[in-house]
Amino acid sequence: MEATAKTRSLQTADERREALIVAALRTFSDRGYAATPTTEIAKAAGISQAYLFRLFPTKQELFIAAIGRVRERILATFSTAAHQARNDGTPVLDAMGNGYVELVSNEPWVLRMLVHGSSAAACDPDIAAANRACWKQMVETAQRESQAPDEEIQRFFAMGMLINTLAAMDVRESDESWAKLLCEKPPPSIDN
């Protein structure tokens, strides 16, 4: 008698956890923290909701893990771009910014998770703490990799936030004169 039953490859808990984080990134980035049911995430990951809660006891913990993954992608992008810039002799912050733009173009869930993460942080202190940790590490990485003065780091992130906001609204420079104005000139220096 031939064995006709399909053999199912069993995943380890770590592999399922990884698949769950990937599914959560996609799902949370589409609908946000509050509007995403855990049943939808479990279904996208191919697991039961009960198993989802075995891996992450709360929806909040899963969202925080997703924010951690976004942080990892951005930090890796910054470090890779900085390394390449130093090899090429190009400005490090410019390379990091270009690397980030490429990242969010290729992986739009990164930008959407940053936006949703900030929104959820306004209502949840643990998500706020995870967001602060993410931003802290991004700033520290930019400082370490570029060795730029604080004013340049501030301008880099201020322009990045503006670009994030415009990208989230799907505004293109050529589409809107006001957007072109914002993107053509660096933000003014803030002196006390």
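Provided above is the structure to which this section pertains.
Caption draft 1: Up close: the packing of aromatic side chains. Per the counting criterion, the structure on display carries six aromatic pairs. Following the ring pairs from residue to residue traces out a cluster consisting of Phe 78, Trp 135, Phe 156 and Phe 157. In this structure, Lys 59 packs its charged tip against the face of Tyr 33, placed 5.0 Å from the ring centre.

Caption draft 2: Representation of helix H7 (residues 125–146) in the model. Along its 22 residues, H7 runs 31 Å from first to last C-alpha, staying within 8% of the 32 Å computed at 1.5 Å per residue. For H7, the set of buried residues is Ile 127, Ala 128, Ala 130, Asn 131, Cys 134, Met 138, Thr 141, Ala 142, Glu 145 and Ser 146. Buried residues along H7 cover an arc of 165° about the axis, so they all sit on one side. Those residues of H7 that are exposed and aimed more than 90 degrees away from the buried face are Pro 125, Arg 132 and Lys 136.

Caption draft 3: Examining the nonpolar core more closely. One finds Leu 20, Phe 28, Ile 74 and Met 96 to be the most contacted residues of the largest nonpolar core, which totals 51 residues. Broken down by element, the residue count for this core peaks at 12 residues, all from helix H4 (residues 59–88). Not counting chain neighbours up to four residues away, the residues in contact with Met 96 comprise Phe 78, Ala 81, Ala 82, Thr 141, Ala 142, Glu 145 and Phe 156.

Caption draft 4: Representation of helix H5 (residues 92–106) in the model. Its 15 residues give H5 an end-to-end C-alpha distance of 21 Å, which sits within 8% of 21 Å, the value for a rise of 1.5 Å per residue. The complete set of buried residues in H5 reads Val 92, Leu 93, Ala 95, Met 96, Gly 99, Tyr 100, Leu 103 and Val 104. Relative to the axis of H5, the buried residues are bounded by an arc of 165° and lie together on one face. Looking at H5, the residues exposed on the side facing more than 90 degrees away from the buried face are Asn 98, Glu 102 and Ser 105.

Caption draft 5: Summary view of empty space enclosed by the protein. Considering all chains together, one arrives at one cavity of 30 Å³ or more under this definition. Here the largest cavity defines a volume of roughly 30 Å³. Surrounding the largest cavity, Ile 67, Val 70, Met 113, Leu 114, Asn 131 and Cys 134 form its lining. When residues of the lining of the largest cavity are traced back to their parent elements, those giving at least two are H4, helix H6 (109–121) and H7. Tallied by class, the residues present in the lining of the largest cavity amount to five nonpolar, one polar and no charged.

Caption draft 6: Summary view of the environment of Met 161. Its location among the elements puts Met 161 in helix H8 (residues 150–168). Of the residues examined, Met 161 reaches a relative accessible area of 36% and is grouped as partly exposed. Along the sequence, Met 161 and Val 115 sit 46 residues apart, while their C-alpha atoms lie 10.0 Å from each other.

Caption draft 7: Highlighting the packing of helix H1 (residues 13–31) against H4. Here H1 crosses H4 at 90°, and the two axes come no closer than 9 Å. Looking at the two axes, H1 sits roughly perpendicular to H4. The segment H1 lies against H4, with Glu 18, Leu 20, Ile 21, Val 22, Ala 24, Leu 25 and Phe 28 engaging Lys 59, Leu 62, Phe 63, Ala 65, Ala 66, Arg 69 and Val 70. Residues belonging to the contact of H1 with H4 are distributed by class as follows: 11 nonpolar, no polar and three charged.

Criteria and cut-off values
- Residue positions are given per chain, counting from 1 as you read along its sequence in written order.
- Confidence filtering applies because this is a predicted model: local features only for residues at pLDDT of at least 70, side-chain atom pairs given and counted only at 80 or more, and all residues used for totals across whole chains, interfaces and linings.
- With hydrogens and water excluded, all non-hydrogen atoms of the structure serve as input to the side-chain values.
- Each Phe, Tyr or Trp ring (for Trp, its six-membered ring) is paired with any other whose centre lies within 6.5 Å, and the angle between the two planes then decides the class: stacked below 30 degrees, edge-to-face above 60, tilted in between.
- Charge-over-ring contacts are defined here by two conditions on Lys NZ or Arg CZ: a distance within 6 Å of the ring centre and an angle within 35 degrees of the ring normal.
- Only DSSP runs of H or I covering at least 4 residues are called helices, and only runs of E covering at least 2 are called strands; the numbering of each starts at the N terminus.
- Between the first and last residue of a helix there are one fewer steps than residues, each counted as 1.5 Å, and that sum is the expected span.
- Using a 1.4 Å probe on the protein chains alone, a residue whose accessible area is under 20% of its type maximum counts as buried, one over 50% counts as exposed, and one in between counts as partly exposed.
- Working definition: the arc comes from the directions between the helix axis and the C-beta atoms, pointing outward to the latter.
- Definition of nonpolar core: a set of buried residues of the types Ala, Val, Leu, Ile, Met, Phe, Trp, Tyr and Cys, connected through side-chain atoms within 4.5 Å.
- Whether two residues are in contact is decided by their heavy atoms, any of which lying within 4.5 Å being enough.
- Using a 1 Å grid laid over the protein atoms alone, points where a 1.4 Å probe fits but cannot get out form a cavity; open sets with protein on both sides within 12 Å along at least 5 of 7 lines form a pocket; any residue with an atom within 4 Å of a point counts as lining.
- Grid points are joined across faces, edges and corners, and a volume is the space filled by probe spheres set on the points.
- In this classification, the charged set is Asp, Glu, Lys and Arg, the nonpolar set is Ala, Val, Leu, Ile, Met, Phe, Trp, Tyr, Cys and Pro, and all remaining amino acids, among them Gly, are polar.
- Fitted lines through C-alpha atoms give the axes, limited to the stretch in contact for helices. The angle between two N-to-C directions lies from 0 to 180 degrees.
- In these notes the angle categories are as follows: under 35 degrees is roughly parallel, over 145 is roughly antiparallel, 65 to 115 is roughly perpendicular, and the rest is oblique.

Remember that the coordinates give geometry; whether it matters functionally is a separate question.
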